[in-house]
Amino acid sequence: MNILIIADISTWAIGHLTDSIIKHNKRYNFFTIYAHPRDIAPAIREVQEILRKHKIDLVHGMYWRSATQLIDLIPELKSIPRIASHHNTAHLGKADWKKYFTYLVAPTRIVLKELKTKHDYVAYIPYGINLEDFTYIKDRTDNGKTIGYVGRVIEHKNLATICTVAKEQGLKVLGSGYIEDRKYWDTVDQTVLEFYGGFGRGQMNSWDYKNSLYDQMTVFAMQATSYETGPLPMLEAMAKGIPVIATRQGMAADLIEHGKNGLLCEPDEFGEELKRLIADRDLQETLRRNARKTMHQYSAEKMALLYGNLYTTLVYPNKKTVSVIIPTYNRNANIREILSALETQTYKPFEAVVIDDSENNETKEYIEENKNQYHFPIVYIKKEHSGYGLATARNMGIIEARGELLVFCDDRLKMDANAIEQFIIHTQPGQWHYGAKYVGGKPSANTSFVENFSAVHRIDLVKIGLFNERINMYGGMSQDIRERCLLNGIGHKRIEGAKAYQINGTEKMKKPDEQAKAKLLLYKLYGR
């Protein structure tokens, strides 16, 4: 899937969100355009060149104004599904959203409610941050009297109010960002403020320096009175375990439970609530622990996953998604044949999930160099080799797979062109069906259930507990699956129209000792 994604400036907040979406959706091919509305001309040429060379499946406007300008100026974009993500409540009435976009995305429930009055299709995808970048502060080193502030200096964010209250209570304000409104800056009492950043966006601090300031904050204040959809620094502070006191704006209204993981207040309550919070270290500890727990649900990867699912829904509406899971061990040549066979599949959409248990990097290097030549997403997962790890490899693939239907195809089989379509037609929930394997052009003599070429709905596999990683030797996997399916009422059927052809085989009795151990293990489990 080829996605054209349009942001404003790479180093601004929308640019960082864009980076996260791309980073955690490596299965798709992104073409990123950074274009500020005041300098749109260079982007026109860039987009036209991309359209000339590539078939674009989806346009994602991360900054709506740049996207609408490009849609007006480049007619070809109007024939492609288009998404707009909204990041500022002041802009919700600025355009005819139905005219420009197929789907809208709201990061907060307030924005969601408003956009639903303006468009028929609106998704709720809250912001997420890279939690590994904002680790929890276990041992606090703050002085107990520092209010944190991160963001632009502009009237609606109310830094002046924060500084006034800080002075009244004998506190300090530690800030980072940049000064957007010079006149408003002059109203800020700077005698209690230590601010890192200058006039204009170009004077923002580095990410590393900003992150280091969080450790010095006793509490974090978000006192915006309008326009917010985040802000991202509030999420960062919560992730690090800094007690947050916020107005009911942006994601604060969705995330914060007053008195549990933060404090919510009206603007005129700020002074009183801040005084209470600063004086109560136990309350601070409660809020910061629970804030971190809350943020576990708001990772950048989860945000990106939700966007990825939306992309698939728009490009392939009303179609069941499929993940073809391919564990492999030292068979790079086979992987090439398998992927080439997938290229001919009559059913879309599907993705290939390759779990590489090899002792070399041949498969990794091939996929990295050639994944863009295939017309389906490829997810590559590297597994460290540690003996017979087929169950573990499959489970790793299942976790990363996004399909409703999971098709398993081992690395010695390549699928016929209509195999996925046949599985889609014949495999219903509550069934784990298997295909017909051909050896040397003839049907295999073994017609009993073997999961190495099969299809099952993801939810059914989750219900029975995925693959049994205790089966860490050759010879017991299929019987274990059959036993657990029997216990859970999941049936098997051979789908004759779903065909796969053996590329090369295995010697059935090459590991008799392992087979004996596997059979004993299964007897201990199931008594038969």
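Placed above this text is the structure.
Summarised in this report is the structure supplied together with it. In this text, all values refer to a predicted model and were calculated from it rather than measured experimentally. (Residues numbered from 1 in each chain as written. Predicted model: local features only at pLDDT ≥ 70, side-chain atom pairs only at ≥ 80, totals over all residues. Heavy atoms only, no water.)

Moving on, we get to the overall build of the chain. Summing up its helical and strand segments, the chain has 20 helices and 21 strands in all. In terms of overall dimensions, the chain has a C-alpha envelope of 85 × 60 × 40 Å along the principal axes. Across the 528 residues of the chain, 55% fall into the buried class. Restricting to contacts in the chain with at least 6 residues of sequence separation, those with at least 24 account for 72%. Carbon and sulfur atoms form 49% of the exposed surface of the chain, whose accessible area is close to 23600 Å². Seen as two clouds, the 70 positive and the 63 negative side-chain charges of the chain have centres 5 Å apart. (Helix = DSSP H or I, 4+ residues; strand = E, 2+ residues; numbered from the N terminus. Buried < 20%, exposed > 50% of the residue type's maximum accessible area, 1.4 Å probe, protein only. Contact = heavy atoms within 4.5 Å. Areas by Shrake-Rupley, 256 points an atom, 1.4 Å probe, with all protein chains shown as cover. Lys, Arg positive; Asp, Glu negative; His and termini not counted. Charge placed at Lys NZ, Arg CZ, Asp CG, Glu CD.)

Taken together, the 6 strands give an open sheet; going across it, the order is 9-8-7-10-11-12, and neighbouring strands pair in parallel fashion. A single partner strand is all that each edge strand has here, and the edge strands are strand 9 (193-196) and strand 12 (263-264). Pairing of strand 7 (residues 146-153) with strand 10 (residues 219-222), which is carried by 2 bridges, proceeds in the parallel orientation. Residue pairing in the sheet places Gly-148 in a bridge with Phe-220 of strand 10. (Pairing = 2+ DSSP bridges.)

As a further point, take the pattern of salt bridges. Inspection of every chain in the model, using the stated rule, returns 30 salt bridges. As a salt-bridge pair, Glu-273 and Arg-276 come within 3.0 Å of each other at their nearest N and O atoms. With Glu-273 and Arg-276 both in helix 11 (residues 270-279), this residue pair falls 3 residues apart, about one helical turn. Residue classification places Glu-273 among the buried residues on the basis of a relative accessible area of 12%. Taking the relative accessible area as the measure of exposure, Arg-276 reaches 37% and is therefore partly exposed. Measuring nitrogen to oxygen at the nearest pair gives 2.6 Å for the salt bridge that ties Arg-528 to Glu-483. In this pair, Arg-528 sits in the segment after helix 20 (512-526) while Glu-483 sits in helix 19 (residues 477-487), placing the two residues 45 residues apart along the sequence. (Salt bridge = Lys/Arg side-chain N within 4 Å of Asp/Glu carboxyl O.)

Take the packing of aromatic side chains next. Following the criterion strictly, the structure yields 20 aromatic pairs and no others. When the ring of Tyr-28 is compared with that of Tyr-311, the centres are 6.1 Å apart and the planes differ by 70°; the resulting orientation is edge-to-face. In this pair, Tyr-28 is assigned in the loop between helix 1 (13-23) and strand 2 (29-34) and Tyr-311 in helix 13 (residues 300-315), connecting sequence segments 283 residues apart. Grouping residues by exposure puts Tyr-28 and Tyr-311 together as buried. Between the aromatic rings of Trp-432 and Phe-467, the centroid separation amounts to 5.9 Å while the plane-to-plane angle is 85°, which identifies the pairing as edge-to-face. A residue pair is termed long-range when its members are at least 10 positions apart, and Trp-432 in strand 18 (residues 432-439) and Phe-467 in the loop between helix 18 (458-463) and helix 19 qualify at 35 residues. You can call Trp-432 buried: its relative accessible area is 0%. Judged by its relative accessible area of 3%, Phe-467 falls in the buried class. Taken together, Phe-408, Trp-432, Tyr-434, Phe-449 and Phe-467 form an aromatic cluster joined through their ring pairs. The aromatic ring of Tyr-347 is capped on one face by Lys-319, whose charged end is 4.4 Å from the ring centroid. (Phe/Tyr/Trp six-rings, centres within 6.5 Å; stacked < 30°, edge-to-face > 60°. Lys NZ or Arg CZ within 6 Å of the ring centre and 35° of its normal.)

Turning our attention to unusual backbone geometry. With an omega dihedral of -10°, the bond running from Gly-230 to Pro-231 counts as a cis peptide bond. Along the polypeptide, Pro-231 turns up in the loop between strand 10 and helix 9 (232-240). A cis amide bond, omega 5°, links Lys-348 with the succeeding residue Pro-349. Here the phi dihedral of Asn-330 falls at roughly 55°; this positive angle occurs in a residue that is not glycine.

What follows is about the sheet that holds strand 6 (residues 122-124). The strands making up a sheet associate through backbone hydrogen bonding, with each pair oriented either parallel or antiparallel. The 6 strands are arranged 2-1-3-4-5-6 in an open sheet whose pairing can be described as parallel. Bordering the open sheet on either side are strand 2 and strand 6, each of which pairs with just one other strand. With direction set aside, neighbouring strand axes in the sheet form an average angle of 20°. Looking at chain direction, strand 1 (residues 2-7) and strand 2 are connected through 6 bridges and run parallel. Each residue of the ladder has a partner; that of Ala-7, found in strand 2, is Tyr-34. Running over the sheet, helix 2 (residues 41-53) touches strand 1 and strand 2 and is turned about 165° from strand 2. (Axes fitted to C-alpha atoms, helices over the stretch in contact; angles between N-to-C directions.)

Below, the discussion takes up the environment of Glu-155. Examined against the element boundaries, Glu-155 turns out to sit in the loop between strand 7 and helix 6 (159-168). Through-space distance from the C-alpha of Glu-155 to that of Ser-226 is 9.8 Å; in sequence the pair is 71 residues apart.

The next thing to look at is the pairing of strand 16 (residues 405-409). The element strand 16 is largely enclosed, with a buried count of 5 among its 5 residues. Alternating residues of strand 16 divide into Leu-405, Val-407 and Cys-409 and Leu-406 and Phe-408, and every residue in both groups is buried. Here strand 13 (residues 322-328) pairs with strand 16 via 4 bridges, running parallel. By the bridge assignment, Val-324 is partnered in strand 16 with Val-407. Here strand 16 runs beside strand 20 (residues 453-457); their pairing, made up of 5 bridges, is antiparallel. Across the sheet, Phe-408 pairs through a bridge with Ser-454, a residue of strand 20.

What follows deals with helix 2. Taking 1.5 Å per residue as the helical rise, helix 2 with its 13 residues ought to reach 18 Å, and the 19 Å between its terminal C-alpha atoms agrees with that figure. Regarding helix 2, the residues found buried are Ala-43, Ile-44, Val-47 and Ile-50. All buried residues of helix 2 project into a common sector of 130° when viewed along the axis, lining one side. For helix 2, the exposed residues set more than 90 degrees away from the buried face come down to Arg-45, Arg-52 and Lys-53. Contacts made by the buried residues of helix 2 are with strand 1, strand 2 and helix 3 (64-73). (Expected span 1.5 Å × (residues − 1). Arc of directions from axis to C-beta.)

Every regular strand shows the same layout, with side chains that alternate between the two sheet faces. Within strand 13, 7 of the 7 residues are buried, which leaves it mostly tucked inside the rest of the structure. Of the two faces of strand 13, both are covered, the one formed by Val-322, Val-324, Ile-326 and Thr-328 as well as the one formed by Ser-323, Ile-325 and Pro-327. Relative to strand 14 (residues 350-356), strand 13 runs parallel, the two being bridged by 7 bridges. If you follow Val-324 over to strand 14, its bridge partner there is Ala-352.

So, to be careful, I would describe these as geometric facts and stop short of saying anything about function.
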